[in-house]
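Tertiary structure, described
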Amino acid sequence: PPPGQGAGAEIMLAVINQVLSLSAEPPLPVPPAWTPLPLGLLAPRGWALEQLLLQANSLSGYMPLSTFPGADTVNQSVWVGGTAAPKGGTDQWLPYWANGNVPLLMLLRAAGPAAVARLDPAAQLGPVVDRMMQYVLGHVNRSKSGPGAGWIGPFLNEPGDTNGHGLWDPLNMCRALLMYSEGEPSSRPAVAAAVVAHLTAEARLLESDPVYKWAATRWPTFVQVCLYVVDHVVPQFAGARAVLPLGAAGTTKLLMGASRLFRAKGMDWRGYYNGSSAVRFPTGPVAGWNTHDHGVNNAEGALAWPAMDRRLGAAQGEADAAMTLVLSRLDEYQGQPNALFCADEVFCGRAPHRGTETCAVVEAMASLEQAFSVLGDPSLVDRLETLAAEYALSTLLNTVCPPRGWRIDHTRRLEALAFNALPAALTDDMWTHVYVQQANSVFAGDTHPPLSEEQDPSRRRHSLHYRHVEGGCTAGSADGPAGGCRAHRHSLHDVPSGEDQTANFYGVSHFPCCITNFPQGWPKFVASAVLTHGNAFAVASFLPLNATLPDAVGGGATLLIETSYPFAGEAVLTVSVPQGHSTTAYLRIPGWAAGASVNGQRAANGTVHAVPLGSGLATLRVRLPQPIRVERGWGVLGNVSSPPADAAVVRRGPLLFSLRPAEQRRVVRDYRRLLPYRPLAVDYEISTREAWSFALDLSDLGALRFEPLASPGWAESLPFSTSEYPFSVRVPARLLSNATWGYWRGTNITAQPPASPIDCDALPSGACGPLEQIRLVPFGSTNLRIAVFPWSH
């Protein structure tokens, strides 16, 4: 065996050789369509920089030096020598936090000294991250044998972990270390050696251990980390035995084999979504908690599966078809206009008063970013944009609820989450967050029907969202490799879950997954805006930034993007290519941007528009028209005895619009006894006294009017302000009586919208108010909102 590796590596290589000999898949990964720029080469500007600084100087950045609820999972983590007992039987929380705050810090450092000088010195984000990475690297298990040899961090859940935490928990720390090494090149040898040693240890355990629950559903994460090492670490350290004890070829063979073994032992996502396995995708809300219907597992596992399958050897067409399958099933049966799909823990159907966990939002964003990088489909970035089928206004009123089996265009994905769901998950100061968000919510707090907790059928997973308790599973079904329930129980008019009733408040005392995981959303989205392949680069999202491209791209060309997108429909790109070089720019044109142009020439929407560039300075002026779009078919689908909701939403460009009733906010818990006191790290209850139960009048679509004037206090320094707005849409509507559309079962949760169209003439007197104009603002600028409306002619 190679020096320092011992007989264990020889045995493991024999196992991997056997796996590879039985496989027709290629020994090397299929190259991705695009590769994101390494951290350190992209510098955010404009509103994107302001958003990152806001995050660094608030809840995300202050957690390591605070003691409010959730902060102890970071500063007392056993990962950094703390003694805090892991919550929920795991210690994934510090790796979650590092997975977001490391790229956050690297982006701010790349933005230059002026940006770093704006970091709040009391938070000490830079020194904290540096110390944390050095501590983790300094406490790797350096033994040469035994089950923990080479392991990164605490060896808590292996071997024999029946929840699947042990194989998965350290992977986010591996990600964080690798991202840190991109921005801090001096750390690369130590990081590379530590991550390779850890993956070798996991590969050894995979040969003997079963793969359960969390690890089973999230197997694509292991593949992502392994393939990053194959793509970047192996070429850089090919001759360094201290980093690659097995050598370049041996390390590649081991990691490729381990990736395929993990996939084989993990969740069969293909069978789940196409209905060929015993565990199948649900066609409505799920009553019992389980791991395979869990929203975050689907966001991190199912949405990443097609891209990782492609890299392990699947044909492009097969991977594209798999992505179509996943997205179309999510759209049809679990679709939400703001957050891709409904999962207030597990899948919860299409009712707009049901919620989506914040972790599901950021994990879906990360998976879609990966999917675009690997598969190259520009519509996946649009998914980071808007979410449902889009209909031309001329045919809108002839559209009914989408039939089962419809194929939704992939356009409208990633930016929908980034510009709508992500900012709506936090107060605008980014000091508090929700556990779940709803498309329709006029109360953020604790509210219950007049039943005890024991009688309430909606309590599924967390008792007061703090304790992990499985329920609703068939006997014995939680013990297999995939874990969880095999049967789904749901109804058309489902019951909001315990999370919908108790965990949509803005605060800090939620179960600690979302408070530690939300920080990855903005940094990874910004870092994924520019990618390269060969001598070309792609702009996936028009964010304000500047970037230095690798030498292979135009001889180290530079890129400057000046824009206020999505708050404007124009972007100016300046590309400088050194003398004697050339490159090609590929610009993603969103699917909704019909009539888009680049330098006055038409650019087809839903494509990547290629622009060849020679040496010298080039200016590309991108125009993205943003007409108002009305989409119908939202809400519950209906059945033979009940009509579909056929509710409507209003969009413009990548933004979803919603009614924002005036807030009444009160602090219900302030944690002033937990020192040092952070006065903004509190739990709020937010309510309203304003009317909200409007039905849109769609008899004249031309009456919907875009008003470009911002409110007096709006500024790009706080782009998602919940008291201001950058522009608005005025819509004719009628107020419905409480008897027509009110609250669910005596709570402060909105009832489902009545089925549309509303025939006011057929309703009792007073059911419909007079026609009036209501103002809709961007969804991301709301804490309370109505985004899914009934409508009338």
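Residues numbered from 1 in each chain as written. Predicted model: local features only at pLDDT ≥ 70, side-chain atom pairs only at ≥ 80, totals over all residues. Heavy atoms only, no water.

A word on the overall build of the protein
Helix and strand counts for the protein come out as 23 helices and 31 strands. Contacts in the protein between residues far apart in sequence, at least 24 positions, make up 77% of those at least 6 positions apart. Taken as a whole, the protein presents about 25900 Å² of accessible surface, with 55% of it coming from carbon and sulfur. (Helix = DSSP H or I, 4+ residues; strand = E, 2+ residues; numbered from the N terminus. Contact = heavy atoms within 4.5 Å. Areas by Shrake-Rupley, 256 points an atom, 1.4 Å probe, with all protein chains shown as cover.)

Observations concerning the state of the cysteines
Per the stated rule, a full pass over the model turns up two disulfides. Residue pairing for Cys 342: its cysteine sulfur links by disulfide to Cys 348, the two sulfurs lying 1.9 Å apart. In this structure the cystine formed by Cys 342 and Cys 348 twists about its S-S bond by roughly -100 degrees; its chirality is therefore left-handed. Per residue, the accessibility class of Cys 342 equals that of Cys 348, and both read buried. In this model Cys 760 forms its disulfide with Cys 768; the gap between the sulfur atoms is 2.2 Å. Disulfide Cys 760 to Cys 768: torsion about the S-S bond roughly -85 degrees, handedness left-handed. Here Cys 226 stays unpaired: no disulfide links it, and the sulfur of Cys 174, its closest cysteine neighbor, is 8.9 Å away. (Disulfide = S-S within 2.5 Å. Buried < 20%, exposed > 50% of the residue type's maximum accessible area, 1.4 Å probe, protein only.)

Observations regarding the side chain of Gln 501
Assignment of secondary structure puts Gln 501 in helix 21 (residues 498–502). At a separation of 3.3 Å, a polar atom in the side chain of Gln 501 contacts the side chain of His 448. (Polar contact = N/O pair within 3.5 Å; in protein donor to acceptor, adjacent residues only side chain to side chain.)

Quick look at helix 17 (residues 316–334)
Over its 19 residues, helix 17 runs 26 Å from end to end, which matches the ideal 27 Å to within 8%, given 1.5 Å per residue. Regarding helix 17, the residues found buried are Ala 319, Ala 322, Met 323, Thr 324, Val 326, Leu 327, Ser 328, Leu 330, Asp 331, Glu 332, Tyr 333 and Gln 334. (Expected span 1.5 Å × (residues − 1).)

Observations regarding the sheet that holds strand 19 (residues 607–613)
A sheet is described by the order of its strands in space; here five strands give the open sequence 1-11-12-16-19, paired in mixed fashion. If you trace the sheet from one side to the other, it starts and ends with strand 1 (35–36) and strand 19, each paired once. (Pairing = 2+ DSSP bridges.)

Some remarks on the layout of surface pockets
The computed volume of the largest pocket comes to approximately 1100 Å³. Lining the largest pocket are 41 residues, and of these Pro 36, Glu 182, Tyr 228, His 232 and Gln 370 lie nearest its centre. Taken together, the elements giving at least two residues each to the lining of the largest pocket come down to strand 1, helix 5 (93–110), helix 9 (171–183), helix 10 (188–208), helix 12 (219–236), helix 16 (305–311), helix 18 (358–375) and helix 23 (521–527). Examining the composition of the lining of the largest pocket, we find that eight residues originate from one element, helix 12, more than from any other. Looking at the lining of the largest pocket residue by residue, the classes come out as 21 nonpolar, eleven polar and nine charged. (1 Å grid on protein atoms, 1.4 Å probe; cavity = no way out; pocket = protein on both sides within 12 Å on 5 of 7 lines; lining within 4 Å. Points joined across faces, edges and corners; volume = space filled by probe spheres on them. Nonpolar A, V, L, I, M, F, W, Y, C, P; charged D, E, K, R; others polar.)

Here we look at the nonpolar core
The biggest cluster of nonpolar side chains holds 220 residues, and the ones touching the most others in it are Trp 97, Ile 152, Met 173, Val 195, Leu 559, Leu 573 and Leu 587. Core analysis: the next-biggest nonpolar cluster, separate from the first, contains nine residues, Ala 424, Ala 647, Val 649 and Ala 787 among them. (Core = buried A, V, L, I, M, F, W, Y, C linked by side-chain atoms within 4.5 Å.)

Topic: the sheet that holds strand 2 (residues 42–44)
One open sheet accounts for seven strands, arranged 2-13-14-15-20-17-18; its pairing is antiparallel. Both outer strands of the open sheet, strand 2 and strand 18 (601–602), are each paired with one neighbouring strand and no more. Alignment of strand 17 (residues 597–598) against strand 20 (residues 616–623), held across two bridges, turns out to be antiparallel. Paired with Val 598 across the strands is Val 622, a residue of strand 20.

Here's the deal with the confidence of the model for the protein
When pLDDT is averaged across the protein, the result is 88; 86% of the residues are at 70 or more. Note on residues 386–411: pLDDT under 50 across the span, and 82 contacts to partners over four residues away in sequence or across chains. For the stretch residues 452–493, pLDDT sits under 50, and the model shows 116 contacts to residues farther than four places along the chain or on other chains. (pLDDT = per-residue confidence, 0-100.)

Considerations on helix 2 (residues 46–56)
Across the eleven residues that make up helix 2, a large majority, eight, are buried. Within the span of helix 2, buried status applies to Trp 47, Ala 48, Leu 49, Gln 51, Leu 52, Leu 53, Gln 55 and Ala 56.

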